[in-house]
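# Analysis of the macromolecular model
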Amino acid sequence: TSNVRVILKFFMGEYRMGSIIEEKVKSLPFRIFVASEIPVKTITVVKNGIDWKNFEFNERVVNLEFKEELDKGYYYVRVERMDGEYVWSSPIFL
């Protein structure tokens, strides 16, 4: 991003972005929090390099929660703001 602050938090269960999940889990709740001075346009959850879940908004603060079955690999969050700028989380690895 450039010039505008964004807060992005990404959790799968109690594991935060940058974590490695070594235990065997079938599903976990996804929790994503975004706060930006420019409204959020889309939040995309990327799974193993492929856009997996896409959510549309027009909000400056977003709390998103959902639960899904998990596959081996990695997950990260990409946020697009209304001004066309992007923010990425660190991945969580399984």
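Reference entry: report on the structure contained in this document. (Residues numbered from 1 in each chain as written. Predicted model: local features only at pLDDT ≥ 70, side-chain atom pairs only at ≥ 80, totals over all residues. Heavy atoms only, no water.)

This next bit is on the overall build of the protein. Summing up its helical and strand segments, the protein has zero helices and seven strands in all. Walking the protein from its N terminus toward its C terminus, one meets helices and strands in the order β-β-β-β-β-β-β. Here the protein has a C-alpha radius of gyration of 13 Å; the compact-globule value for 94 residues is 12 Å, and the two agree. Seen through its principal axes, the protein has C-alpha atoms that stretch 40 × 25 × 20 Å. For the protein, buried positions account for 38% of its 94 residues. Of the contacts formed within the protein by residues at least 6 apart in sequence, a portion of 59% connects residues at least 24 apart. When the accessible surface of the protein is summed, it comes to about 5,900 Å², and 46% of that surface belongs to carbon and sulfur atoms. Side chains of the protein give 14 positive and 14 negative charges; the mean places of these two sets differ by 4 Å. (Helix = DSSP H or I, 4+ residues; strand = E, 2+ residues; numbered from the N terminus. Rg over C-alpha atoms; globule rule 2.2 N^0.38 Å. Buried < 20%, exposed > 50% of the residue type's maximum accessible area, 1.4 Å probe, protein only. Contact = heavy atoms within 4.5 Å. Areas by Shrake-Rupley, 256 points an atom, 1.4 Å probe, with all protein chains shown as cover. Lys, Arg positive; Asp, Glu negative; His and termini not counted. Charge placed at Lys NZ, Arg CZ, Asp CG, Glu CD.)

The subject of this paragraph is the pattern of salt bridges. This structure, assessed with the given rule, holds four salt bridges. Note that Lys47 is salt-bridged to Asp71, the shortest N-O span being 2.7 Å. Highlighted residues: Lys47 in strand S3 (residues 27-47) and Asp71 in the loop between strand S4 (50-69) and strand S5 (74-81), separated in sequence by 24 residues. Under the relative-accessibility criterion, Lys47 is labelled buried at 16%. Between Lys53 and Glu68 there is a salt bridge whose closest N-O contact spans 2.9 Å. Of the residues examined, Lys53 reaches a relative accessible area of 24% and is grouped as partly exposed. (Salt bridge = Lys/Arg side-chain N within 4 Å of Asp/Glu carboxyl O.)

Another point: the pairing of S4. The two faces of the sheet receive side chains in turn, since in a regular strand these alternate between them. Note that S3 and S4 share 16 bridges and pair antiparallel. Residue Leu28 lies in a different strand from S4, and its bridge partner there is Glu68. Where S3 folds back on S4, the antiparallel hairpin that results is connected by two residues, among which Asn48 adopts a positive phi of roughly 50 degrees. (Pairing = 2+ DSSP bridges.)

Judged by nonpolar contacts, the single largest core of 21 residues is most densely connected at Phe10, Met12, Phe30, Ile32, Ile43, Tyr75 and Val79. Breaking this core down by element, the ones donating at least two residues are strand S1 (6-12), S3, S4 and S5. When residues of this core are assigned to their parent elements, the largest contribution, seven residues, is made by S3. Once residues within four sequence positions are removed from consideration, Phe10 is found in contact with Tyr15, Arg16, Met17, Phe30, Arg31, Ile32, Tyr75, Tyr76, Val77, Ser89, Ser90 and Ile92. (Core = buried A, V, L, I, M, F, W, Y, C linked by side-chain atoms within 4.5 Å.)

What follows covers the packing of aromatic side chains. For the structure on display, the rule yields ten aromatic pairs. Measuring from centroid to centroid gives 4.8 Å for Phe30 and Phe66, while their planes differ by 10 degrees, and the two rings are stacked. Highlighted residues: Phe30 in strand S3 and Phe66 in strand S4, separated in sequence by 36 residues. Since its relative accessible area comes to 0%, Phe30 is described here as buried. For Phe66, a relative accessible area of 14% gives the class buried. (Phe/Tyr/Trp six-rings, centres within 6.5 Å; stacked < 30°, edge-to-face > 60°.)

Coordinates in, geometry out; function isn't part of it.
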